[in-house]
Amino acid sequence: MAAETKNPRPVPSVWARGRREPDQPALSRDAIVREAVAMLDADGIEALSMRKLGARLNAGATSLYRHVATKDELMELAVDEVAAEIHVPSAAGPDGPDWRAVVAEAAGSFRATALRHPWLASVLGQAGLAYLGPNLMAFSERLAALFTAAGFAEPGRVIEPVLSYVIGVSTTEAAWLTTVARSGETEADFVARLMPAAQQAAAPYAHLAAEYAASAAESADPAALREGKFAYGLDVVLDGLALRLPE
């Protein structure tokens, strides 16, 4: 007699199971996710809970669990929701911009999205199997097409260092901007107030002292300074990738 077949354990991801139909006309998975993103943008990850989300939607937690089984699943959905905002231009053709310009535009769009949603970059590696979401899948596919058109034989390996750089920088920037926002000051005012203490702390260290002195001269426009640093670092990454292109 054949051994009884056991059901495999379900994959712990919202993308591995079907979508439930709404049990209330006003309550759907899309509505739940939109409200969750609004809460995340306003108050951060710590403030999000199924109970609070249900209260904002005038629905009990039980109703939410019909559509989203856990908070981890909710975060997967929220990540994919905002990933739709990331723009990847079409692959560069012979008469269009070179591949570096197109990649830089895509990287800049990713960074801008992460700064609009300060929680995003910090949870990308923690939100379950978020990369299986349709918007992130489409984003990865467009990047792969872009690098393939540029001549890279293994686009997946090229995407990883670019995204690692963008996510790393965006995580640091988002944390900084959250600190600035909590101060109630503009970024320029906050930097001006912080700079004397930073310069004093760096004074015993020659290289850091020189760096802070240069930053102080540019502190009137900290957003432009951050933009310049991001572009410089991205150029360094792309310089390295260019060496991998066949001649």
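Here the structure is a predicted model, which means the values were calculated and not measured.

Trainee: What is the right way to look at the overall build of the chain in this model?
Mentor: Assigned secondary structure in the chain consists of 11 helices and 0 strands. The order of α-helices and β-strands along the chain, N terminus first, is α-α-α-α-α-α-α-α-α-α-α. Across the 247 residues in the chain, those meeting the buried criterion constitute 36%. Excluding contacts between residues fewer than 6 apart, the proportion of contacts in the chain whose partners are at least 24 apart in sequence is 70%. A total accessible area of about 14400 Å² is found for the chain, and carbon and sulfur atoms account for 56% of it.

Trainee: Help me out: how do you make sense of the packing of helix α7 (residues 134–150) against helix α8 (residues 155–183) in this one?
Mentor: Think of two packed helices as two axes; the pair is described by the angle between the axes and how far apart they sit. At a closest axis distance of 9 Å, the pairing of α7 and α8 adopts a crossing angle of 115°. Our classification of the angle between α7 and α8 gives roughly perpendicular. Crossing hand, α7 versus α8: right-handed. Along its contact with α7, which presents F139, S140, L143, A144, F147 and T148, the element α8 presents P155, V158, I159, V162 and L163. Across the contact of α7 with α8, the residue classes tally to 9 nonpolar, 2 polar and no charged.

Trainee: Whenever I open this one, the pattern of salt bridges confuses me. Can you help?
Mentor: Here the idea is simple: oppositely charged side chains can pair when their charged atoms come close. Tallied over the full model, the rule gives 10 salt bridges. Here R226 makes a salt bridge to E187, at a shortest N to O gap of 2.9 Å. With R226 in helix α11 (residues 222–242) and E187 in helix α9 (residues 187–202), the pair connects residues that are 39 residues apart, well separated along the chain. Relative accessible area serves as the criterion here: at 16%, R226 is assigned to the buried category. One continuous salt-bridge network, built from bridges that share partners, spans R111, E173, E187, R226 and E227.

Trainee: Would you explain unusual backbone geometry in this entry?
Mentor: The general pattern is negative phi for most residues beyond glycine and trans for most peptide bonds. At N58, a position not held by glycine, the phi torsion is positive, near 55°. Looking at where N58 falls in the secondary structure, it is placed in the loop between α2 (50–56) and α3 (61–65).

Trainee: Honestly, helix α1 (residues 29–43) in this entry has me stumped. Any pointers?
Mentor: The α-helix winds at 3.6 residues per turn, so residues separated by three or four positions along the chain end up facing the same way. Its 15 residues place the ends of α1 21 Å apart at the C-alpha level, agreeing with the 21 Å of an ideal helix rising 1.5 Å per residue. Every buried residue of α1 is accounted for by R29, A31, I32, V33, A36, V37, M39 and L40. Just beyond α1, the residue with positive phi is G44, at close to 90°.

Trainee: Please clarify how the packing of aromatic side chains should be interpreted in this entry.
Mentor: Tallying each qualifying case throughout the model produces 6 aromatic pairs. When the ring of W176 is compared with that of F190, the centres are 5.4 Å apart and the planes differ by 65°; the resulting orientation is edge-to-face. In this pair, W176 is assigned in helix α8 and F190 in helix α9, connecting sequence segments 14 residues apart. In this structure W176 comes out as partly exposed when scored by relative accessible area, which is 25%. Here F190 falls in the buried class, since its relative accessible area comes to 13%. Three or more aromatic residues link up through ring pairs in this structure, and these residues are W99, F147 and F152. Across from the ring centre of F230, 5.0 Å away, lies the NZ or CZ of R111, which sits over that ring.

Conventions we followed
Residues numbered from 1 in each chain as written. Predicted model: local features only at pLDDT ≥ 70, side-chain atom pairs only at ≥ 80, totals over all residues. Heavy atoms only, no water. Helix = DSSP H or I, 4+ residues; strand = E, 2+ residues; numbered from the N terminus. Buried < 20%, exposed > 50% of the residue type's maximum accessible area, 1.4 Å probe, protein only. Contact = heavy atoms within 4.5 Å. Areas by Shrake-Rupley, 256 points an atom, 1.4 Å probe, with all protein chains shown as cover. Axes fitted to C-alpha atoms, helices over the stretch in contact; angles between N-to-C directions. Parallel < 35°, antiparallel > 145°, perpendicular 65-115°, else oblique. Left-handed = near helix turned anticlockwise from the far one by under 90°. Nonpolar A, V, L, I, M, F, W, Y, C, P; charged D, E, K, R; others polar. Salt bridge = Lys/Arg side-chain N within 4 Å of Asp/Glu carboxyl O. Expected span 1.5 Å × (residues − 1). Phe/Tyr/Trp six-rings, centres within 6.5 Å; stacked < 30°, edge-to-face > 60°. Lys NZ or Arg CZ within 6 Å of the ring centre and 35° of its normal.

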